[in-house]
Number of protein chains: 2
Amino acid sequence: MRNAVRARNGAPDEARMNTLVAPTPEAGSKPAQILEAAGALFLENGYGAVSMDAVAKRANVSKATLYAHFGSKDELFRAMMARECATLLTASTWEEARSLPIADGLRLVGERFVTFVTSPKALAGHRVILGEAHRFPELSRAFFEAGPAHTIRLFTGIMQEAQRRDELSITDPALAAEQFLALIKANMHMKLLLCVTERPTQEEIRHYVNAAVELFVKGYAPAG
Amino acid sequence: MRNAVRARNGAPDEARMNTLVAPTPEAGSKPAQILEAAGALFLENGYGAVSMDAVAKRANVSKATLYAHFGSKDELFRAMMARECATLLTASTWEEARSLPIADGLRLVGERFVTFVTSPKALAGHRVILGEAHRFPELSRAFFEAGPAHTIRLFTGIMQEAQRRDELSITDPALAAEQFLALIKANMHMKLLLCVTERPTQEEIRHYVNAAVELFVKGYAPAG
DNA sequence: GTCTATATAGCGATAGAC
DNA sequence: GTCTATCGCTATATAGAC
């Protein structure tokens, strides 16, 4: 897609920074096996605690084969994160929310969003990225662009739409989007990242999201 | 469950779970030097990327001396985290907020809280803990209790007070506290954890907090 | 391309002198 | 208590046969 070559004129940020796009190897091939093993192990245990031996063993591949496809542990980690982000962040159909009243739309996409970010895989990826943010700053940036920043842009659109329809009185749609996302994640996300609580049920998620929507819609209700 | 010995009567959670309390060695002593070096290195680079040699070298101490005071790398890491949490989380005077109108009180403690969690040390600690949450689950729990959970309890008190005074209409004070904390951190905290932005200025913090307080107070305004 | 076997280095942890 | 020197192990990465 847009790799390495594309940084010429004033290309928009969306196009320039997402360096997490990587070709997906054909299913069943050795590279695919390796990436799958790396994904399972790195996400479970973090970068430092996983050896190349362990990856090779889990992938049913020799270490030499592993190094033939991925030149180093760093490279393997990057490729694995790119693949995980690609599979996790398939843009859902946010459009359907646009046709609903704002509160219902927020409830719909909010619940979907929280369900996603509280999934074990998303949490594991989040944890690993955060733990290695210092060592892999570009990866961290790319993750942010592909993940949180992307989501904020989507919700910013929803906020602008709601304001255009006079359903909400918003002066800074991007800030409002961030606030809403923060509200629905609230403390639950942190607790999950720290492994101090179990995965919430769909009912619990709905309860959190409903409370957040209520607060948000009332807080941004148009005057009069 | 967790400490094996202490789970008898209905002791409050606060007393049972905070295993991060550790004696502070006298300043200038070797243990103090070691802990300081460990703090700098672990917080900067994470657990796996720091060797005991590196800690010893930075502390101007031999590795044998290091092992004489801290039996293993795990133990050193725990002691270091305990010390960092102790120095960072000195309970400020939240009481002063109680005498103010709710919006002013929230602005005051909110700004202080955000200033704290966006400090480089707090961020580094947060990052390391998150990255190693799998490997050190008890440590993670203890951190959560000493940090986020403690803060939520404090803010829950503020919410209850506000409701008693009919300044806010809150049905679930703990949830409201979580919501407020999430709102004022919003996306800024995530961006900082991912190293995709610089430390915010006090003006930026104030701006975020003001926006959050406005939304929160309006959203929980008593009817009528 | 893929394997077995190995090189080389750095790790956590320890022994023994002082 | 503190040091120097070193053990034993495992890590990343590579050489060479097939």
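Quick caveat, the model's predicted, so the values are computed rather than measured.

Conventions adopted
Residues numbered from 1 in each chain as written. Chains lettered and ligands numbered in written order. Predicted model: local features only at pLDDT ≥ 70, side-chain atom pairs only at ≥ 80, totals over all residues. Heavy atoms only, no water. Phe/Tyr/Trp six-rings, centres within 6.5 Å; stacked < 30°, edge-to-face > 60°. Helix = DSSP H or I, 4+ residues; strand = E, 2+ residues; numbered from the N terminus. Buried < 20%, exposed > 50% of the residue type's maximum accessible area, 1.4 Å probe, protein only. Lys NZ or Arg CZ within 6 Å of the ring centre and 35° of its normal. Near = heavy atom within 4 Å. Polar contact = N/O pair within 3.5 Å; in protein donor to acceptor, adjacent residues only side chain to side chain. Nonpolar A, V, L, I, M, F, W, Y, C, P; charged D, E, K, R; others polar. UniProt positions renumbered as here; feature names shortened; annotations may be inferred. Contact = heavy atoms within 4.5 Å. Buried area = accessible area lost by both parts, 1.4 Å probe. Salt bridge = Lys/Arg side-chain N within 4 Å of Asp/Glu carboxyl O. Least-squares fit on C-alpha atoms with pLDDT ≥ 70 in both. Axes fitted to C-alpha atoms, helices over the stretch in contact; angles between N-to-C directions. Parallel < 35°, antiparallel > 145°, perpendicular 65-115°, else oblique. pLDDT = per-residue confidence, 0-100. 1 Å grid on protein atoms, 1.4 Å probe; cavity = no way out; pocket = protein on both sides within 12 Å on 5 of 7 lines; lining within 4 Å. Points joined across faces, edges and corners; volume = space filled by probe spheres on them. Expected span 1.5 Å × (residues − 1). Bend = angle between axes of the 7 residues up to and from the residue.

**Q** Would you mind going over the packing of aromatic side chains with me for this structure?
**A** Residue and element names in this part refer to chain A. A full pass over the atoms with the stated rule returns 18 aromatic pairs over all chains. Between the aromatic rings of F113 and F155, the centroid separation amounts to 6.2 Å while the plane-to-plane angle is 70 degrees, which identifies the pairing as edge-to-face. With F113 in helix α7 (residues 102–117) and F155 in helix α9 (residues 137–164), this residue pair connects regions lying 42 residues apart in the sequence. With a relative accessible area of 10%, F113 lands in the buried category. Under the relative-accessibility criterion, F155 is labelled buried at 0%. An angle of 65 degrees between the planes, with centres 5.0 Å apart, marks the rings of F216 and Y220 as edge-to-face. When its relative accessible area of 12% is taken as the criterion, Y220 is described as buried. An aromatic cluster is defined as three or more aromatic residues linked by ring pairs; in this entry it consists of F113, F155, F180, F216 and Y220. Its end group placed over the ring of Y47, K73 keeps NZ or CZ at 4.5 Å from the ring centre.

**Q** What's the story with the protein's contact with DNA strand C in this structure? I'm lost.
**A** Close to DNA strand C lie 14 residues, the nearest being T65 and H69 of chain A together with M52, K63 and Y67 of chain B. The protein-proximal atoms of DNA strand C, defined as those within 4 Å of the protein, are 60% sugar or phosphate. M52 of chain B places a main-chain nitrogen or oxygen 2.6 Å from a phosphate oxygen of DNA strand C. One of the side-chain N or O atoms of K63 of chain B is found 2.3 Å from a base nitrogen in DNA strand C. Elements represented by at least two residues in the surface near DNA strand C include exactly α4 (63–69) of chain A together with α4 (63–69) of chain B. Its residues placed into classes, the surface near DNA strand C shows 6 nonpolar, 5 polar and 3 charged.

**Q** Would you explain the UniProt feature "DNA-binding region" (unreviewed entry) in chain A in this entry?
**A** Sites flagged by UniProt as "DNA-binding region" (unreviewed entry) map to residues 51–70 of chain A. Each end of residues 51–70 of chain A is marked by a C-alpha atom, and these two atoms are 14 Å apart; helix forms 70% of the span and strand 0%.

**Q** Whenever I open this one, the interface of chain B and chain A confuses me. Can you help?
**A** Interfaces are frequently sized by the accessible area removed from exposure as the parts join. Facing the 40 residues of chain B at the interface are 40 residues of chain A. The largest share of the area that chain B buries against chain A comes from L130, H134 and L194 of chain B, three residues that together contribute 17% of it. Applying the counting rule to chain B against chain A returns 0 salt bridges. Counting across the interface, chain B meets chain A through 9 residue pairs in polar contact (both at pLDDT 80 or more). Among the secondary structure elements, those contributing two or more residues to the side of chain B that touches chain A are α2 (30–45), α8 (120–131), α9 (137–164), α10 (173–193) and α11 (202–219) of chain B. The greatest single-element share of the side of chain B that touches chain A, amounting to 11 residues, is contributed by α10 of chain B. Taken together, the residues of the side of chain B that touches chain A sort by class into 24 nonpolar, 8 polar and 8 charged.

**Q** Help me out: how do you make sense of the relation of the copies chain B and chain A in this one?
**A** For these two chain copies, the linking operation is a rotation about an axis paired with a shift along it. Note on the identical chains: chain B maps onto chain A by a rotation of 180 degrees and an axial translation of 0.0 Å, with an RMSD of 0.1 Å. A rotation of that kind, with that shift, is consistent with a two-fold axis. By residue overlap, the copies meet face to face through one surface: 100% of the interface positions of chain B are interface positions in chain A.

**Q** Just to check I follow, could you spell out the packing of helix α7 (residues 102–117) of chain B against α9 of chain B for this structure?
**A** Residues and elements named next belong to chain B. Relative orientation of the contacting elements α7 and α9 amounts to 170 degrees, with a least axis distance of 11 Å. Taken together, the axes of α7 and α9 are roughly antiparallel relative to one another. Here α7 contributes I102, L106, V109 and F113 to the contact with α9, which in turn contributes T151, F155, I158, M159 and A162. Counted by class, the contact of α7 with α9 contains 8 nonpolar, 1 polar and no charged residues.

**Q** Can you help me understand the confidence of the model for chain A in this one?
**A** When pLDDT drops low, the exact placement of atoms in the prediction is not to be read closely. Per-chain confidence: chain A averages 86 in pLDDT, with 86% of residues scoring 70 or above. Of the regions scoring below 50 in pLDDT, residues 1–18 of chain A engages in 13 contacts with residues more than four places distant in sequence or in other chains.

**Q** Got a minute to help me understand the protein's contact with DNA strand D in this structure?
**A** Around DNA strand D sit 15 residues, and of these M52, K63 and Y67 of chain A together with A64 and T65 of chain B come closest. Per the 4 Å cut-off to the protein, sugar and phosphate atoms form 56% of the nearby atoms of DNA strand D. At 2.9 Å, a backbone N or O of S62 of chain B approaches a phosphate oxygen of DNA strand D. Contributions of two or more residues to the surface near DNA strand D are made by α3 (52–58) and α4 of chain A together with α4 of chain B.

**Q** Would you take a moment to explain unusual backbone geometry for this structure?
**A** For residues other than glycine, phi is negative in most cases, and the peptide bonds are mostly trans. All names here are of chain A. With phi around 60 degrees, C195 is a residue other than glycine that occupies positive phi space. Secondary-structure assignment places C195 in the loop between α10 (173–193) and α11 (202–219). With relative accessibility at 28%, the residue C195 sits in the partly exposed group.

**Q** Sorry, what's going on with empty space enclosed by the protein here?
**A** Using a probe with the size of a water molecule, rolled over the atoms, empty space left in the structure can be pinpointed. The final tally for this structure, using the stated rule, is 6 cavities of 30 Å³ or more. Looking at the largest cavity, its volume works out to about 560 Å³. Lining the largest cavity we find 35 residues, and of these H126, P148, K185 and H189 of chain A together with M190 of chain B sit closest to its centre. For the lining of the largest cavity, the element with the highest residue contribution is α10 of chain A, accounting for 8 residues.

**Q** I would appreciate a short explanation of α7 of chain A in the present structure.
**A** Residues and elements named next belong to chain A. Taking 1.5 Å per residue as the helical rise, α7 with its 16 residues ought to reach 22 Å, and the 22 Å between its terminal C-alpha atoms agrees with that figure. Within α7, the full set of buried residues consists of I102, A103, G105, L106, V109, G110, E111, F113, V114 and V117. Among the structural elements, α6 (95–98), α8 (120–131), α9, α10 and α11 are those in contact with the buried residues of α7.

**Q** Help me out: how do you make sense of α9 of chain A in this one?
**A** Since the α-helix packs 3.6 residues into each turn, any two residues three or four apart lie on the same face. Along its 28 residues, α9 of chain A runs 38 Å from first to last C-alpha, staying within 8% of the 40 Å computed at 1.5 Å per residue. Along α9 of chain A, the largest kink reaches about 40 degrees and is centred on F144 of chain A; proline P148 of chain A follows within four residues of it.

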